[in-house]
Amino acid sequence: MLDTLPLLKNTTFPSINRKKLELLQINLGYICNQQCLHCHVNAGPKRKEIMALETIKQILEFLKYSSIKTLDLTGGAPELNPHFEYIVTETRKMGIDVIDRCNLTILMEEDKQNLANFLAENQVKIVASLPCYIEDNVDKQRGKGVYNASIQGLKKLNNLGYGMDSSNLELNLVFNPQGTSLPPPQKELEVDYKDKLSKLGIYFNQLFTITNMPIKRFGSTLLSLGKFDNYMELLKNSYKHENLDQVMCRSLLSIDWQGFTYDCDFNQMLDLYFNHPTKTHIKDLIDENFENVPIEVAGHCYGCTAGQGSSCGGSLD
Ligand code: SF4
Ligand code: SF4
């Protein structure tokens, strides 16, 4: 795979500092039942990296002394970590919201038949990838059969009340473009998604549109197709200063499967540590004040400020 970091390091992106810490995003490991083309963590069934129980306990200790309102669990498929249920239940006991970044197909795996019930019982918010409502497009990006399994997963969640007006179980979907364009306006696409999916009897709360980042698998594909420079030009030319105040790293800390910390998930994939070049572990940040600490920026940050903006919670406008 081709590395894009050397092309991103020298950047004109403005310097930014942190605000109050509100969201902790944890990568529970790189194992996934899928192997998607655009995956920025290169997750897949053969990966071995997984967060250990000891690290999870250190994170829970950090949470006790923090201002964190939301814990955001990612992977790989976060549910494949054997301690997934433990971290969810312990965090919920502290009154902290939990988001599960669910790929939907995991809900249909034979040994995960109780997963959806567990998520509902613990009022876990679900953010699920569905890059398109057209079968061919989904299977092209995420693998054969993924569309059908995702639809079944969504139906299972709806049956439990997820995404329905009558319940407070939140189900949000994520769209990311297939190629080198910016996502279309989030609200308009949400209307389109709701219209198409309701015909299949599927309901959800919000659609989040996310810009593809020029890093890892997607960045490497851009380089090998000779499209990297054009894509970077598009991101830079679409820069909107008003998005800068809201980029997610202002209030988020990202943790890798070993417990090391980063300003965001993308920086984690590029080994750009929080407090770079020092490698800081979460156990050494208990009761730390993050306000005004500088954020490690590079060229890929233009992906967060382009057009309507992009974050793990969708557009910024
Ligand atoms: S489902 Fe998500 S984590 Fe798994 S390979 Fe696809 S993009 Fe990566
Ligand atoms: S890529 Fe990360 S560090 Fe850069 S602006 Fe986006 S969230 Fe912040």
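Now for a quick tour of the structure. Keep in mind that what you see is a predicted model, and the values were worked out from it rather than measured.

1. Regarding the pairing of strand E1 (residues 23-27)
Burial runs high along E1: 5 of the 5 residues are buried. Side chains Leu23, Gln25 and Asn27 project from E1 onto one buried face, and the interleaved Leu24 and Ile26 project onto a second face that is buried too. Sheet topology note: the E1/strand E2 (residues 70-74) ladder contains 5 bridges and is parallel. Residue Gln25 lies in a different strand from E2, and its bridge partner there is Asp72. Judged from the 4 bridges that link them, E1 and strand E7 (residues 252-255) form a sheet pairing that is parallel. Residue pairing for E7: Leu24 is matched across the bridge by Leu253.

2. Concerning the nonpolar core
Formed by 94 residues in total, the largest nonpolar core has its most connected members in Leu24, Ile26, Leu173 and Tyr193. Setting aside residues up to four positions removed in sequence, Leu173 forms contacts with Ala128, Leu130, Leu154, Tyr193, Leu197, Phe204, Gln206, Leu207 and Phe208. One finds Ile99, Val174, Phe208 and Ile210 within the second-largest nonpolar core, a separate group that totals 5 residues.

3. A word on the site of ligand 1
If you check the shell around ligand 1, you find 10 residues, and the closest are Cys32, Gln34, Cys36, Cys39 and Arg142. Class assignment of the residues belonging to the shell around ligand 1 gives a composition of 4 nonpolar, 5 polar and 1 charged.

4. Focus on the packing of helix H5 (residues 135-142) against helix H6 (residues 146-159)
Here H5 crosses H6 at 110°, and the two axes come no closer than 8 Å. Judged by the angle between their axes, H5 and H6 are roughly perpendicular. Judged by residue contacts, Glu135, Val138, Asp139 and Arg142 of H5 engage Val146, Tyr147 and Asn148 from H6. When its residues are assigned to classes, the contact of H5 with H6 shows 3 nonpolar, 1 polar and 3 charged.

5. Let's talk about the packing of aromatic side chains
For the structure shown, the criterion picks out 10 aromatic pairs. Between Phe13 and Tyr239, the aromatic rings sit 6.3 Å apart at their centres with planes inclined by 85°, giving edge-to-face as the arrangement. With Phe13 in the loop between helix H1 (5-8) and E1 and Tyr239 in the loop between helix H9 (228-237) and E7, the pair connects residues that are 226 residues apart, well separated along the chain. We classify Phe13 as buried; its relative accessible area is 7%. Of the residues examined, Tyr239 reaches a relative accessible area of 24% and is grouped as partly exposed. Between Phe175 and Tyr193 the ring centres are 6.4 Å apart and the planes differ by 85°, which places this aromatic pair in the edge-to-face class. Of the two residues, Phe175 sits in strand E5 (residues 171-175) while Tyr193 sits in helix H7 (residues 186-198), which places them 18 residues apart along the sequence. Like Tyr193, Phe175 is buried. Members of the aromatic cluster, joined through ring pairs, are Phe13, Tyr239 and Tyr302. A cation over an aromatic ring shows up here: Lys194 above the ring of Phe204, its NZ or CZ 5.2 Å from the ring centre.

Parameters and conventions
- All residue numbers here refer to positions counted from 1 along the written sequence of the relevant chain.
- The order in which chains are written sets their letters, starting at A; the order in which ligands are written sets their numbers, starting at 1.
- Predicted model: local features are reported for residues with pLDDT of at least 70 only, side-chain atom pairs are reported and counted for 80 or more only, and whole-chain, interface and lining totals are derived from all residues.
- To obtain the side-chain values, all non-hydrogen atoms of the structure were included, while hydrogens and water were left out.
- The cut-offs for exposure are 20% and 50% of the maximum accessible area for each residue type, with area from a 1.4 Å probe on protein chains only; residues under the lower value are buried, those over the upper are exposed, and the others partly exposed.
- What counts as a helix is a DSSP run of H or I of at least four residues, what counts as a strand is a run of E of at least two, and both are numbered from the N terminus.
- Pairing between strands requires that DSSP locate at least two bridges from one strand to the other.
- To form a nonpolar core, buried Ala, Val, Leu, Ile, Met, Phe, Trp, Tyr and Cys residues must be joined to one another through side-chain atoms within 4.5 Å.
- By definition, residues are in contact when any of their heavy atoms lie within 4.5 Å.
- One heavy atom within 4 Å of a molecule or strand makes the whole residue count as near it.
- Polarity classes work like this: nonpolar for Ala, Val, Leu, Ile, Met, Phe, Trp, Tyr, Cys and Pro, charged for Asp, Glu, Lys and Arg, and polar for all others, with Gly in that last group.
- All axes are obtained by fitting lines to C-alpha atoms, using only the stretch in contact for helices, and the reported angles, taken between N-to-C directions, cover 0 to 180 degrees.
- Any angle from 65 to 115 degrees is called roughly perpendicular, while one under 35 is roughly parallel, one over 145 is roughly antiparallel, and all others are oblique.
- Put simply, two rings from Phe, Tyr or Trp (the six-membered ring, in Trp's case) pair if the centres are within 6.5 Å, and we call them stacked under 30 degrees between planes, edge-to-face over 60, tilted for the rest.
- Here, over-ring charges are defined by two tests on the NZ atom of lysine or the CZ atom of arginine: distance to the ring centre within 6 Å, and angle to the ring normal within 35 degrees.

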